[in-house]
Amino acid sequence: MGFLSVLSMAHKLIKERVQPGDTVVDATCGNGVDAQFLAELVGSRGTLYAFDIQEQALTRTAERLNASLPVQAVEHASQAEGPAPSRANSMKEYPLPKLHLVLDSHEVMANHIAVNSQGQIAAIMFNLGYLPGADPSIITLTEPTLIALQSAIMLLRKGGILTIVLYPGHSGGDAETIAVEQWAANLPQQIGQAVVYKRIQRSDAPFLVAIEKL
Ligand code: SAM
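None of the values given here were measured: they were computed from a predicted structure.

Summarising burial for helix 2 (residues 33-42): 8 of the 10 residues are buried, a large majority. For helix 2, the full list of buried residues reads Asp-34, Ala-35, Gln-36, Phe-37, Leu-38, Ala-39, Leu-41 and Val-42. One or two residues past the end of helix 2 sits Gly-43, with phi positive at roughly 65 degrees.

Moving on to the layout of surface pockets. There is about 560 Å³ of room inside the largest pocket. Surrounding the largest pocket, 30 residues form its lining, Thr-28, Asn-127, Gly-129, Tyr-130 and Leu-131 being those nearest its centre. Residue assignment for the lining of the largest pocket shows that the elements contributing at least two residues are helix 2 and helix 6 (142-155). Split into classes, the residues belonging to the lining of the largest pocket amount to 14 nonpolar, 12 polar and 4 charged.

This paragraph deals with the pairing of strand 7 (residues 207-213). When you tally the buried positions in strand 7, you get 6 out of 7 residues, the bulk of the element. As paired elements, strand 5 (residues 156-166) and strand 7 share 6 bridges and run antiparallel to each other. For Val-165, the partnering residue across the bridge sits in strand 7 and is Leu-208. One ladder, built from 6 bridges, connects strand 6 (residues 192-197) with strand 7; its direction is antiparallel. From the neighbouring strand, Val-195 faces strand 7, where its bridge partner is Ala-210.

The next subject is the packing of aromatic side chains. Applying the stated rule across the entire model yields 0 aromatic pairs. The ring of Phe-207 has Lys-198 lying over it, and the distance from NZ or CZ to the ring centre is 4.5 Å.

What follows covers the packing of helix 1 (residues 6-15) against helix 2. Their axes nearest at 11 Å, the elements helix 1 and helix 2 cross at an angle of 20 degrees. The orientation of helix 1 with respect to helix 2, classified from their angle, is roughly parallel. As for the relative orientation of helix 1 and helix 2, their crossing is right-handed in sense. Taking contact as the criterion, the partners of Leu-7, His-11, Ile-14 and Lys-15 in helix 1 are, on helix 2, Asp-34, Phe-37, Leu-38 and Leu-41. In the contact of helix 1 with helix 2, the residues fall into 5 nonpolar, 1 polar and 2 charged.

Calculation criteria
- Residues numbered from 1 in each chain as written.
- Predicted model: local features only at pLDDT ≥ 70, side-chain atom pairs only at ≥ 80, totals over all residues.
- Heavy atoms only, no water.
- Buried < 20%, exposed > 50% of the residue type's maximum accessible area, 1.4 Å probe, protein only.
- Helix = DSSP H or I, 4+ residues; strand = E, 2+ residues; numbered from the N terminus.
- 1 Å grid on protein atoms, 1.4 Å probe; cavity = no way out; pocket = protein on both sides within 12 Å on 5 of 7 lines; lining within 4 Å.
- Points joined across faces, edges and corners; volume = space filled by probe spheres on them.
- Nonpolar A, V, L, I, M, F, W, Y, C, P; charged D, E, K, R; others polar.
- Pairing = 2+ DSSP bridges.
- Phe/Tyr/Trp six-rings, centres within 6.5 Å; stacked < 30°, edge-to-face > 60°.
- Lys NZ or Arg CZ within 6 Å of the ring centre and 35° of its normal.
- Axes fitted to C-alpha atoms, helices over the stretch in contact; angles between N-to-C directions.
- Parallel < 35°, antiparallel > 145°, perpendicular 65-115°, else oblique.
- Left-handed = near helix turned anticlockwise from the far one by under 90°.
- Contact = heavy atoms within 4.5 Å.

None of the figures reported here should be taken as evidence of function without further support.
Right, here's the structure in full:
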């Protein structure tokens, strides 16, 4: 059967802490897989901020959110038991949250987030590295990532969660991985509780750092 993948574990930890109507952030939206997951969790009453430095990432995320959420709603609805009216209702359960797709580095995310949401964010996801299917030389970089993580911790509400998926196996990923792990290990315990989910037999395998704000 095997353990959950790193990304599935990140989603599980977030799902346990996020409610419909919450405000959430995808700090590296890429192809929009995590953004879609977050959008479904917070629903139409929620707010999603998604950041990337590549325009094509924002385009892919927008396409995924606009196209696949309604389709998925239909799939959910068609699986639902019961008479047609209840299926029609279930189709209304997955409309989009309020979206802010931001073409900017996550290190300045606080500049883009509404003042009344600062300190109120339920979950912030980082999936580091490069955009699959695009230029692999455009990767997240250690210094901006550390600045962004520090900002993310400040933006979270108490009980909110920060997840970081790290890729020590790719070029440029090693130094960033070490720096982020050190940053998390040195985070004062009164600010947050940090854990690692990792396949310890493979040093090049991606792994997850998750922090719950206290
Ligand atoms: N979460 C994405 C998904 O679900 O498809 C995958 C993210 S991909 C592994 C990493 C992304 O980080 C790339 O799209 C890349 O352009 C983006 N990125 C790199 N540096 C960034 C920065 N400073 N701020 C925001 N995004 C950045």
